[in-house]
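Each chain, written out:
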Amino acid sequence: MPDFVGSLYAAVGMLGPSSLRTYLEHDKMWHYRDASLAEHFYRLILEQMLAVIPISILLITVMWIFFDRQVTSPMELAGGMAAAILGLALFVDALRVCVMPLSEQLGEDLPKTLSLPYVLVIAAFLGVLVTYAEPAITTLRPLAELVDPEVAPYLYCALMETQEVLILCIGLGVGAAATLGTLRFVRGWSLKPMILTVLSPTLMLAVYMWWGNKELRPLLGLAWDCGAVTTGPVTVPVLLALGIGVMKSKRQEREAEKAKELAKSPQRKKGGLKKKSKVHANTKRMMEDAGDALEGFGIVTLASLLPVLAVEILSISLTFIYTHDDIMAARPPPKDKSSLLQRTPFKEIYYSSRAILPLIVCLIGIVIFILKKPLPCITFYLKEEDIQPARKSVEQRRLSLQGTMDRARKSMRQSVEYMRSHQFVSTNTRTGNLTIWDKYLQGAVALGTAESEGRHPTSGQSHDDDEEEEEEEEDDD
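Bear in mind that the values here come from a model prediction, so they are computed numbers and not experimental data.

(A) Here's a closer look at the overall build of the protein. The helix and strand inventory of the protein stands at 18 helices and 2 strands. Within the protein, buried positions represent 33% of all 477 residues. In the protein, of all internal contacts separated by at least 6 residues, the share reaching a separation of at least 24 is 79%.

Below you can see the structure in the form of structure tokens.
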């Protein structure tokens, strides 16, 4: 019985990621790195399920309530959701394995190898590439076919006829954000004046597009949506890694300069300076690391504003280049859907490869040919500094769970022994105000309490209890 309860409790506890690692590492004797990797993938799958399933249920409910449209092929829908969850999990983990280490190495070593102008040019180029690699940018292609040129001519022109120019403008906005963010790290500029400088013309152009030219109103929504599109799973990790790497490099340079100044100071030579404690040094290092992460988010803020400004400028420029008649006359012919590149899954594979491969090739080329350094260690396993703290917490939970199970087994064993020694019968016969089962539970609790305190009920107490039970049975008769 205790073994069955323990197995059931372990099976239910496996629903949590940490419990899964404990089960695989200690029960199935997996290596701790393999168990940590399994826990990592389990967390990724759970995160993507929480992201995909609720919005899918919401869309299905809205379509059913307001548009009276029901799901015609539920199995196909379930298969598509499963494919989306698995694909997103693999995509995010591939960024962790391949793109993030390259970006971090690039951010740390690039300022040490090249001068500032070259660093800014490479940062702008990477900003354009990460925009093309963003999955949300690919949604602009199918959405363009849903726009009616009679209703929104300039929106149709931006999405169909000048779609590559639109994506390039978004990329230039992200590249400008990467350049300004890197320059801000180097020069130590404040973030608030930069945001105010970018936000002011953005709002002014938005006011003109809404009230100045009503044909540009649909493009205003597109512009602000593009700002959200650029803060996706590719742009944010790469820009953050680049910004944090530059911050670490500059911090090391400042520390080296301070060390040189301290070495040259007369107080240092006379021994007048006191050594700082290790606790103070560790606290300062932790605060600096946290500051690097927060400073890196400044690039993301700029990356969500500058693309909006770039799309607004493009939208206003279209009104000076094309008229309504020009847009209607230049409608492209329908695409040949019989082509291999227009069929699923070849179309998705082609566009996704064309989007992500240039970024990876560029990162590898910069590390090998410009920095002239070996590639970082590419592995699916988690880093040791990420595994060890989690292993300690899992080990503590495992010991706590083991202690709980041991106490439960001991309590059950004591209860069975107490029941056998007093020959209780599991019936619903009443003895006064308590059933026999209630008296058994009270006796089991009393026995467990007595044994935990190191004492046992005396024979006199047991004899008195037996006499009381006999008197109660005679009263009932």
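(B) Representation of helix 4 (residues 74-113) in the model. Between its first and last C-alpha, helix 4 extends 56 Å over 40 residues, near the 58 Å set by a 1.5 Å rise per residue. Val-99 marks the point of greatest bend in helix 4, at about 40 degrees, and the proline Pro-101 comes within the next four residues.

(C) The packing of helix 8 (residues 163-187) against helix 11 (residues 235-264), seen in detail. Running from N to C, helix 8 and helix 11 point in directions that differ by 20 degrees, and their axes come no closer than 9 Å. Between helix 8 and helix 11, the angle falls in the class roughly parallel. Of the two elements, helix 8 crosses helix 11, and the hand of that crossing is right-handed. On the side of helix 8, the interface is formed by Val-174, Ala-178, Thr-182, Phe-185 and Val-186, while helix 11 contributes Thr-235, Leu-239, Leu-242, Gly-243, Val-246, Met-247 and Lys-250. When grouped by side-chain class, the residues that make up the contact of helix 8 with helix 11 number 8 nonpolar, 3 polar and 1 charged.

(D) Quick peek at unusual backbone geometry. Backbone geometry places Asp-68, a non-glycine residue, at a positive phi of 55 degrees. Among the secondary structure elements, Asp-68 is positioned in the loop between helix 3 (32-66) and helix 4. The class for Asp-68 is exposed, based on a relative accessible area of 62%.

(E) Just helix 9 (residues 191-212), in detail. The end-to-end C-alpha distance of helix 9 is 31 Å, a good match for the 32 Å that 22 residues give at a rise of 1.5 Å each. Every buried residue of helix 9 is accounted for by Met-194, Val-198, Thr-202, Ala-206 and Met-209.

(F) Up close: the confidence of the model for the protein. Of all residues in the protein, 70% attain a pLDDT of 70 or more, and the chain-wide mean is 75. Note that residues 272-282 has pLDDT below 50 and, in this model, 6 contacts with residues that lie over four places away or in other chains. Low pLDDT, under 50, characterises residues 423-434; the predicted model gives this stretch 18 contacts beyond four residues in sequence or across chains.

(G) Molecular detail of the pattern of salt bridges. Taken as a whole and assessed by the stated rule, the structure comprises 3 salt bridges. Among the ionic pairs, Lys-373 bridges to Asp-109, the shortest N-O distance being 3.4 Å. With Lys-373 in the loop between helix 15 (346-370) and helix 16 (384-422) and Asp-109 in helix 4, this pair connects stretches of sequence that are 264 residues apart. The class for Asp-109 is buried, based on a relative accessible area of 10%.

(H) Structural detail: the nonpolar core. Among the nonpolar cores identified, the biggest contains 37 residues, and Leu-106, Leu-110, Leu-126, Leu-359, Leu-363 and Ile-366 are the most heavily contacted of them. A per-element tally of this core places helix 5 (residues 116-133) first, with 7 residues. Setting aside anything within four residues of it in sequence, one finds Ile-366 in contact with Leu-106, Leu-110, Ile-122, Leu-126 and Leu-371.

(I) Inspection of the side chain of Gln-105 at higher detail. Relative to the elements of secondary structure, Gln-105 occurs in helix 4. At a separation of 3.2 Å, a polar atom in the side chain of Gln-105 contacts the main-chain carbonyl oxygen of Pro-374. Sequence-distant contacts of Gln-105, defined by excluding residues within four places in its chain, comprise Leu-110, Val-367, Leu-371, Lys-373, Pro-374, Leu-375 and Pro-376.

(J) Highlighting a nonpolar patch on the surface. A cluster of nonpolar side chains, contributed by Met-63, Trp-64, Ile-65, Phe-66 and Phe-67, occupies part of the molecular surface with about 600 Å² of accessible area. Tracing the sequence through the fold places Ile-65 in helix 3. A relative accessible area of 52% places Ile-65 in the exposed class.

(K) Representation of the packing of aromatic side chains. This model, assessed by the stated rule, comprises 1 aromatic pair. Aromatic pair Tyr-350 and Tyr-351: ring centres 5.1 Å apart, planes at 65 degrees, arrangement edge-to-face. Here Tyr-350 falls in the partly exposed class, since its relative accessible area comes to 33%. Above the face of the Trp-210 ring, Arg-217 is positioned so that its terminal group lies 4.3 Å from the ring centre.

(L) Fine view of the side chain of Glu-134. With respect to the helices and strands, Glu-134 occurs in the loop between helix 5 and helix 6 (140-144). Given the relative accessible area of 1%, Glu-134 is considered buried. Reaching out from Glu-134, the side chain makes a polar contact with the side chain of Thr-235 at a distance of 2.7 Å. The contact partners of Glu-134, leaving out residues within four places of it in the chain, are Val-229, Thr-230, Gly-232, Pro-233, Val-234 and Thr-235.

(M) Main features of the state of the cysteines. The full count for this structure, using the stated rule, is 0 disulfides. Unpaired in this structure, Cys-169 has its nearest cysteine sulfur neighbour in Cys-226, at a distance of 9.8 Å. Under the relative-accessibility criterion, Cys-169 is labelled buried at 16%.

(N) Representation of the environment of Leu-129 within the structure. Mapped onto the secondary structure, Leu-129 falls in helix 5. If near-sequence neighbours (up to four positions away) are discounted, Leu-129 is found in contact with Pro-358, Leu-359 and Cys-362.

(O) Structural context of the environment of Ala-78. Take Ala-78: it is sitting in helix 4. As for Ala-78 and Ile-53, which are separated by 25 residues in sequence, their C-alpha atoms are 9.8 Å apart.

(P) Structural view of the packing of helix 5 against helix 8. Contact geometry for helix 5 and helix 8: axes closest at 7 Å, N-to-C directions at 140 degrees. Put simply, helix 5 runs oblique to helix 8. Seen along the crossing, helix 5 lies across helix 8 with a hand that is right-handed. Its residues assigned to classes, the contact of helix 5 with helix 8 comprises 16 nonpolar, 6 polar and 2 charged.

Criteria and thresholds
Residues numbered from 1 in each chain as written. Predicted model: local features only at pLDDT ≥ 70, side-chain atom pairs only at ≥ 80, totals over all residues. Heavy atoms only, no water. Helix = DSSP H or I, 4+ residues; strand = E, 2+ residues; numbered from the N terminus. Buried < 20%, exposed > 50% of the residue type's maximum accessible area, 1.4 Å probe, protein only. Contact = heavy atoms within 4.5 Å. Expected span 1.5 Å × (residues − 1). Bend = angle between axes of the 7 residues up to and from the residue. Axes fitted to C-alpha atoms, helices over the stretch in contact; angles between N-to-C directions. Parallel < 35°, antiparallel > 145°, perpendicular 65-115°, else oblique. Left-handed = near helix turned anticlockwise from the far one by under 90°. Nonpolar A, V, L, I, M, F, W, Y, C, P; charged D, E, K, R; others polar. pLDDT = per-residue confidence, 0-100. Salt bridge = Lys/Arg side-chain N within 4 Å of Asp/Glu carboxyl O. Core = buried A, V, L, I, M, F, W, Y, C linked by side-chain atoms within 4.5 Å. Polar contact = N/O pair within 3.5 Å; in protein donor to acceptor, adjacent residues only side chain to side chain. Patch = residues over 30% accessible without salt bridge, like charges linked within 9 Å, V, L, I, M, F, W, Y side chains within 5 Å. Areas by Shrake-Rupley, 256 points an atom, 1.4 Å probe, with all protein chains shown as cover. Phe/Tyr/Trp six-rings, centres within 6.5 Å; stacked < 30°, edge-to-face > 60°. Lys NZ or Arg CZ within 6 Å of the ring centre and 35° of its normal. Disulfide = S-S within 2.5 Å.

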